[in-house]
Every structure is written in structure tokens, then in C-alpha cells.
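Residue strings, one per chain:
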Amino acid sequence: MRWRVIGIGSPVTRDDLGWAAIDLLRMAGLDASLELLALDRPGPALLEHMGRGERVILIDAMQSGQPPGSVRELALDDLIAGAGMPSTHALGVAETLRLAEALGALPERLHILGIEMGTPGTDGGWRASALREVLRRVRALTECRAPE
Amino acid sequence: MTGHREIRIEVPVLARVEGEGALDLIASGGRIETLRLRIFEPPRYFEKFLEGRGYGEVLDIVARICGICPVAYQMTAVQALEQAFGVEPSPWVLRLRRLMYCGEWLQSHALHIHLLALPDFLGFDNGIAMAAKHPDAVRRGLRLQRLGNDLIKLFGGRSVHPVGMRVGGFHRAPDPEQAARVLAELRSALHDAEALVGFTAGLELPEDDQDFLSVALRHEHEYPMFSGRIVSDGGLDIPIEGFPDRFRESHVAHSTALYAHLDERPYLVGPLARLNLNHDRLSAPARAALAATGLRLPSRNMFHSVIARAVEIHEAVLEAIRLLEDYHPEEPAFVPVEPGAGSGCGATEAPRGMLWHRYELDDEGKVLSAWIVPPTSQNQARIEDDLRRSLEAFGLHHDDDALRLRGETVIRNYDPCISCATHFLKVRVQRH
């Protein structure tokens, strides 16, 4: 079964790192061996793209206080431990993953890559290097042999 | 039993509603003395943002008022702008707008019933906790919500803040192959939608009949969505242009959302008001499914709103199937528009109730003034009225946790979108 790599965010706001990562993976030719998908703030609709028994990598922007451009693999348990369900608008990635867990609908393998966001207009090259790091990690996680 | 102690309850976040608000309750001698639904979300100033903007920008701006019901804002604004410019959209456009609106009712109601309201009636803190025990119900809700989103995407490119609509019609006709796929999904979902009506009617809902005024649009033969006259069960029957003559908005100190009254009375808009006033306009299969529940209409029990939403989901699926079976693309998908000075108003039935807009435009079609009356602000006075009656009927002898839960349940039952009206509820109960 092919890995599915899902970039999450918005193509028209600064929360576009998930989308930019998918663009780079595509430009690197990974779409030949991986299923690449960019979703615009899907909320619970994310569940439709993650079936049981599947292998999924999620890429999303994060704000964790680290330097802009830091790339970190997030532990599912840590992510969903802080999830609440305060409102309909706040049904984000963490809440949706918690819902998937409650429904027994989590993928067989799931990796979550977070890219630390930076302040607009202060890109000192962190963005490009962060996206290259995501490319390297996706290749390593999926053992994808697509051309460099 | 009420004592002379003063009790203060604070709920940091009113869960499962949209927006930030608080409830203050002061009770004395077993009676409620003061009850305020305080909405303190900062004013959002959308009407002022619109001033000076070209008519072509209005639909993209008003969609940002709400992430759950952007279509309602676009539909109402486009109607007002077309009235101002004397534009008559083609019957093909009107059918497709109704189809797109079905998508919004479907996704909004499915989300509310399954993830926001059901936990109250099945005894869970939230939809995630409920999902472990009732996974099939949650999955059904998610399927129906996705289907609604797919319908919106057909026209708008995306389900949140869609971009497909324009004054005069749509930017392009939906792709027939994509439309056929959505039609097939709707047919598959019809059983879920019909079963949901019986499911909600089988819930153990509180019995609490109240006297309230229902207000909704009413169309000659359609279940109201985006056209009709404004009617009430108190005898009101006016064209949408007459709204300012009978409805009055006012400020109160404890809310950043305006209150609205009809002839000085609070009133209800939303699914139960629509169903009370328009159940004879449902399609035959939806009427049959409703009749099978034994629900007597008009209903005076606000908790029947969850059944009304299920009925409207069923109707929306039936209607969307009917409209899509007849679908054929037309190009261009719009009629030309010549902007000019004037004014126009629009009224449609958003998932949460009647939404009313009025715009004045200059000779270039730039907005001189905008007036937007969302459903939640119209319901605000009714919610306070309901809370007072519901909590007294429930009994103030209950402990603070029970009172708080009942208060929150009453509020959630309206599916309020506080963000639209101007987010979290702090409940403070003082007993003397």
C-alpha cells in the first residue's frame, strides 16, 4: 500500500507550510510513489483521508515556541492529550485525531510532522530549509527511492 | 432547595457553541431575579468593512462572517445586490443556488446534531467522548456533513468560504461528472437521512412547552430556503422589504450583539420556527417520515429543534437529489450585471434561522452602507426568555452543576453562532 502524505493548512494565508511541503514533494518527483494531498483546513473531513490499515504522514504548521523553521515529529499521544472540543470552529487536527482514535479509525501507521511558523516578512531562509528537511524526513519515513 | 448562601459557578468555556459568551444568574427565594446571556465577543464591524467596497467584493467579505454558514451570507447578499441592480437571475441559477444551500443546511445541521447536541441528550461531555459508545451515530453525522460539504464544493471550489458565486449567477457551471458523483452519494445517504428523523424523535428530550413566537420565510410552494415572505404564527405576513418596519434592533449593556424584537416581543428563528410555520411545504417523503414520528406541530417544546434539524436534513437530501437529477450545465452561468446607484435587501433561511441584509450602493456599485441581521442575534432575547422559563421549570433546588448543565443545554439547543452575532460561557449563579 502506498503512503499518503497530507499537507494541511491554507493556500492563501501564512498557514501554508503544509501546502508548500506538498508542492516541494511533488516537484521532487515523490508523487510517482506516494499519494500526495493538500487539504484546506479540513476539520473532521480529515478522517475521510485516513482509513484504518492505511499509512499516512500529516504535515502541518505549528506554533510551539521553537525557532521558525524547526521541524519536529509530533507524538500522537502528546498531540491528542491537549485536544478539547470547545467549539465547531476549533475541531482542528488534534481534535480530529482524537475523534479518529475514539472511532477506532486511526491509520495503521501515522506520522505527524510539524513545521514551526515564523513571523511574516522575517524569513531569513528558514522556510526553504524547513521544507527541505520535511522532504528528507518523508523520504526516510517512507523509504521512498524517488530521484534526488 | 435555595439557601441564603451566595454561589458562584464559572465555566471557563461554554462547549459546543460557536463564540464567546457568559451567563449570569441571580436567584432569590426560588425565583430568578436576573438572567443575562452576556455576549462579550468583540464587535466584528463587518458592516463597516463593507463600506466603500465594490459590489464584486461583497460576497467574499460576507462569507468570512462565518466558517459554518458562509453560503447563507453569500446567498442573502447576492439577493440584495441583484435586487438593487434590477438583475433577474435565470431559473437555472435559482435552482442551483437552492441546491448549494441544501449543502450548507446538510453540513451545518449534521454537525450540530451529531457532535454538539447529541452529547447533551445521550449524557456525554462532548462528541469525542460519545464517539466511543456511539460510533455509528458519529460516523453517520460525519458522512452527512461531508456530503453537504461536497455539494457546496460543486459550486464554490471549496466548502469553507466558497468562491463560486457571483452577482448574476455563478462563475462557472458545476462539472457534470462531479455532479453525477455527488448525486450518487446523495442517493446512498437517503436512508441515513430518513433514519435520522426517527432517531432524533426517539431521544429522551426534556418536556418543556413554552409560549413563543416563530418567525420564518414562507414561500408559495417550497420549503423556505432563499425566498418567500416573512411570516409569524402571530399573524405577521410581510414582504422582506418590510423587515425594518416591524423588527427593531437594540443595544443592551451586557452584549456586543444587537437584540431584535418583533413588535416589542422576543421571537424564534431557526429550524423549529421554520418547521412550525412550513411543515405543509415539506416534500411528500419528508412529510411521511415526520408523520411517522408522531410529532405534533406546531411544537411548543424548544428541544424539538433537534428533530426539526433532522427533518430539514432529510428534506435537503431529497431536494438536492431532485435538483441534481435535473442538472445540465449552462454557459455562461450568469447574467450580465450593470451596477448602478440604489438599494436592495435580501432574506434567506440560514441553518440557524432567517438572515436579513440590506445594502445601499453608489452609481459605481460601491457599498455606501450595509445592514446585516444574523439569526443568533435575533434569537438572543428568546434564548434569555427560554433560559428563565426552563431553569425555573427544571427547578432551582438542583445543585449548581445540574443548573449549569441545563442552562448550557438550553443555549446549545439554539446552535448559536455567537461569532456571527458579533465565544464561551461563564455561568455565575448567585443565590440569596
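See the structure above.
Residues numbered from 1 in each chain as written. Chains lettered and ligands numbered in written order. Predicted model: local features only at pLDDT ≥ 70, side-chain atom pairs only at ≥ 80, totals over all residues. Heavy atoms only, no water.

A.B. asks: Report on the overall build of chain B, specifying residues and quantitative values.
C.D. replies: Across its full length, chain B carries 14 helices and 13 strands. Taking all 432 residues of chain B together, the buried fraction comes to 61%. As displayed, chain B has an accessible area near 16,000 Å², and 49% of this comes from carbon and sulfur atoms. (Helix = DSSP H or I, 4+ residues; strand = E, 2+ residues; numbered from the N terminus. Buried < 20%, exposed > 50% of the residue type's maximum accessible area, 1.4 Å probe, protein only. Areas by Shrake-Rupley, 256 points an atom, 1.4 Å probe, with all protein chains shown as cover.)

A.B. asks: Can you lay out the side chain of Arg140(B) for me, pointing to particular residues and giving the numbers?
C.D. replies: Residue and element names in this part refer to chain B. By the secondary structure assignment, Arg140 is in helix α6 (residues 135-156). In this structure Arg140 is buried but unpaired, with Asp192 as the nearest side chain of opposite charge at 5.7 Å. Aside from chain neighbours lying at most four places away, what touches Arg140 is His114, Asp192, Leu196 and Phe199. (Lys, Arg positive; Asp, Glu negative; His and termini not counted. Salt bridge = Lys/Arg side-chain N within 4 Å of Asp/Glu carboxyl O. Contact = heavy atoms within 4.5 Å.)

A.B. asks: Go over the nonpolar core with me, naming the residues and quoting the values.
C.D. replies: Ranked by internal contacts, the top residues of the largest apolar core, which has 139 residues, are Leu58(A), Leu151(B), Leu186(B), Leu324(B) and Tyr359(B). Here the element with the most residues in this core is helix α4 (residues 91-122) of chain B; it accounts for 17 residues. If we skip the residues at most four places from it in the chain, Leu186(B) touches Leu106(B), Leu147(B), Leu151(B), Val317(B), Ala320(B), Ile321(B) and Leu324(B). Of all hydrophobic cores here, the second largest spans 24 residues; its members include Leu17(A), Leu36(A), Ile115(A) and Met117(A). (Core = buried A, V, L, I, M, F, W, Y, C linked by side-chain atoms within 4.5 Å.)

A.B. asks: Break down the pattern of salt bridges for me, citing the residues and quoting the values.
C.D. replies: Here the structure, examined in full by the defined rule, presents 35 salt bridges over all chains. In this structure, Glu54(A) and Arg4(A) form a salt bridge, with 2.7 Å as the shortest nitrogen-oxygen distance. Here Glu54(A), found in the loop between β2 (35-40) and β3 (55-62), pairs with Arg4(A), found in strand β1 (residues 4-9); they are 50 residues apart in sequence, far enough to count as distant. Take Arg4(A): its relative accessible area is 14%, and that puts it in the buried class. What emerges from the salt-bridge pattern is a single network uniting Glu48(A), Arg146(B), Asp150(B), Lys153(B) and Glu185(B).

A.B. asks: Account for the sheet that holds strand β7 (residues 237-238) of chain B, with residues named and values stated.
C.D. replies: Strand pairing in a sheet takes place through backbone hydrogen bonds and is either antiparallel or parallel in direction. All names here are of chain B. With respect to topology, 3 strands assemble into an open sheet ordered β5-β6-β7, the strand pairing being antiparallel. Only two strands of the sheet have a single neighbouring strand rather than two, namely β5 (215-218) and β7. Pairing analysis gives 4 bridges linking β5 to strand β6 (residues 229-232), with the strands arranged antiparallel. Counted as the bridge partner of Arg218 is Arg229 from β6. The sheet contacts of helix α9 (residues 271-278) involve β5 and β6, and relative to β5 the element is tilted by about 55°. (Pairing = 2+ DSSP bridges. Axes fitted to C-alpha atoms, helices over the stretch in contact; angles between N-to-C directions.)

A.B. asks: Talk me through the packing of aromatic side chains; I want residue IDs and the actual numbers.
C.D. replies: Residues and elements named next belong to chain B. In total, this model carries 9 aromatic pairs over all chains according to the counting rule given. Ring geometry for Trp105 and Tyr223: centres 6.0 Å apart, planes at 90°, overall edge-to-face. Of this pair, Trp105 sits in helix α4 while Tyr223 is found in the loop between β5 and β6, placing the two residues 118 residues apart along the sequence. The burial state of Trp105 is the same as that of Tyr223; both residues are buried. An aromatic cluster of three or more residues is present, and its members are Phe243, Phe247, Tyr267, Trp356 and Trp371. A cation over an aromatic ring shows up here: Arg140 above the ring of Phe199, its NZ or CZ 4.4 Å from the ring centre. We note Arg166 situated over the ring of Phe334; from NZ or CZ to the ring centre the distance is 3.6 Å. (Phe/Tyr/Trp six-rings, centres within 6.5 Å; stacked < 30°, edge-to-face > 60°. Lys NZ or Arg CZ within 6 Å of the ring centre and 35° of its normal.)

A.B. asks: Quick one: what's the story with the packing of α4(B) against α6(B), residue by residue and with numbers?
C.D. replies: All names here are of chain B. It is at 8 Å that the axes of α4 and α6 come closest, and there the two elements cross at 155°. Judged by the angle between their axes, α4 and α6 are roughly antiparallel. Considering the relative orientation of α4 and α6, their crossing is left-handed. Taken together, the residues that form the contact of α4 with α6 break down as 17 nonpolar, 8 polar and 2 charged. (Parallel < 35°, antiparallel > 145°, perpendicular 65-115°, else oblique. Left-handed = near helix turned anticlockwise from the far one by under 90°. Nonpolar A, V, L, I, M, F, W, Y, C, P; charged D, E, K, R; others polar.)

Any link to function would need more than the numbers given here.
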